[in-house]
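Structural characterization, general
Residue strings, one per chain:
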Amino acid sequence: RSKSTQRGSYTVFTRQMGTEIRERATLMQHLHKAFDAERLFLMYQPQIDLNTGQFTGLEALIRWRSDNGTMIPPVEFIPLAEYSGLIVSLGAWVMRTACFFMAQLKKQQRAPKRMGVNVSAVQFRQDDFVATVRKALRDSGLEPACLELEITESVTMTGSALFEQRLAELKQLGVSIAIDDFGTGFSSLSYLDKLPADRLKIDRAFVTQIDSAAGPRIAELIIQLGKKLNLAVIAEGIESQKHWDYLRAAGCQEGQGYFIGMPMLETDLMQWIASRG
Ligand code: C2E
Ligand code: MG
Ligand code: MG
Ligand code: MG
């Protein structure tokens, strides 16, 4: 204490940290309450075939509507939920909700082929993760082939025996695996070759990059890599006709983004589907 008062900067630093920790704790309490009060919900963003326009998939994206009605984006609370461990039950809820909605869609016409669900590293590491997925599928009656788990590159690239084992079990179960935000992590190409993934998701940053005239187009390289490794490729963050045209010409099969469809509530999505005829 006396030491910290002597050193002014040190005192300021700890005070700031104290404030941050308190703010985080408050946000955490609110998040737990929101989960209990069912103020967390999912939106679904469509994915399409860039050549045919065919509706191919959906991605479930979590949303939190706070007390005063403002929307708190997942980038702000997912890390918190991971830190507190809430992500395990939250993630299981996302998985179940997305599977049930997809199973319901499958009973109707014009359902897409698959539903993508984001999985955090913390969830993936749980001993009962595969059991949680299996249960969500069984309870909802959804075919495993209709579920795609989106795992970020950093999770998949650790190369540990546990991850390899878990991925193998999931493949065994029949779900597909997409590597999310591809290109932003630290993939070893030799490891990627062995990874039992089905799809690479080109990170939005590389789609944005298409707009700048100079420099290498990473998106194109990822598309070629996907071809060589026999992995499907989907681009996220398509915001213009230019993005779409460029990616299609480069051989990218599928895409999602605001230009194609925003993340939508179930009812809006049903309308979006209907309006496409
Ligand atoms: P992500 O999985 O890479 O999801 C794509 C993000 O890009 C979503 O942000 C989506 O709304 C946004 N997006 C889609 N198209 C466009 C576009 O054309 N332009 C722009 N600017 N953005 C676009 P969102 O919903 O805020 O989610 C952010 C991240 O939070 C996700 O990135 C994912 O990593 C995480 N996340 C979302 N839902 C869940 C969840 O249920 N579980 C876990 N573990 N993570 C989630
Ligand atoms: Mg994703
Ligand atoms: Mg992504
Ligand atoms: Mg992303």
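For clarity, every value in this text was computed on a predicted model and none was experimentally measured. Every chain's residues receive numbers from 1 upward, in the order its sequence appears when written. Labels are handed out in written order, letters beginning with A for the chains and numbers beginning with 1 for the ligands. Only residues with pLDDT of at least 70 get local features here, since the model is predicted, and only at 80 or more are side-chain atom pairs given and counted; chain-wide, interface and lining totals rely on the full set of residues. Water and hydrogen atoms were dropped before computing side-chain values, which therefore reflect all heavy atoms in the structure.

Focus: the coordination of the magnesium ion (ligand 2)
Atoms are scored as donors when they are N, O or S and lie within 2.8 Å of the metal, with 3.2 Å used for Na, K and Ca; no water is included, so coordination may look incomplete. All of the protein donors around the magnesium ion (ligand 2) are Glu59 (OE), Asn118 (OD1), Glu150 (OE) and Asp180 (OD); their distances to the metal are 2.0 to 2.2 Å. In primary sequence terms, the donor set of the magnesium ion (ligand 2) follows E-x58-N-x31-E-x29-D. Between the magnesium ion (ligand 2) and the magnesium ion (ligand 3), the interatomic distance is 3.9 Å, and Asp180 donates to each metal, bridging them. Of this pair, Glu59 sits in strand 2 (residues 55–65) while Asp180 sits in strand 6 (residues 176–182), and the two are 121 residues apart along the sequence. Exposure is judged per residue with a 1.4 Å probe applied to protein chains only, and the accessible area is read against the type maximum: over 50% gives exposed, under 20% gives buried, and values in between give partly exposed. You can call Glu59 buried: its relative accessible area is 4%. Secondary structure follows DSSP: runs of H or I at least 4 residues long count as helices, runs of E at least 2 residues long count as strands, and numbering of each begins at the N terminus.

Details of the coordination of the magnesium ion (ligand 4)
The coordination sphere of the magnesium ion (ligand 4) contains the protein donors Asp181 (OD) and Glu236 (OE), at a distance range of 2.4 to 2.5 Å. The metal-metal distance between the magnesium ion (ligand 4) and the magnesium ion (ligand 3) is 2.9 Å, with Asp181 coordinating both. Highlighted residues: Asp181 in strand 6 and Glu236 in strand 8 (residues 232–236), separated in sequence by 55 residues. On the accessibility criterion, Asp181 (25% relative accessible area) is partly exposed.

Some remarks on the pairing of strand 7 (residues 199–202)
Of the two faces of strand 7, the one holding Arg199 and Lys201 and the one holding Leu200 and Ile202 are both buried throughout. Two strands pair when backbone bridges link them, and strand 6 and strand 7 are joined in this way by three bridges, in the parallel orientation. Residue pairing across strands places Phe182 opposite Ile202, the latter belonging to strand 7. Each pair of strands is called paired provided DSSP finds at least two bridges between the two strands. Bridging between strand 7 and strand 8 involves four bridges; their strand directions are parallel.

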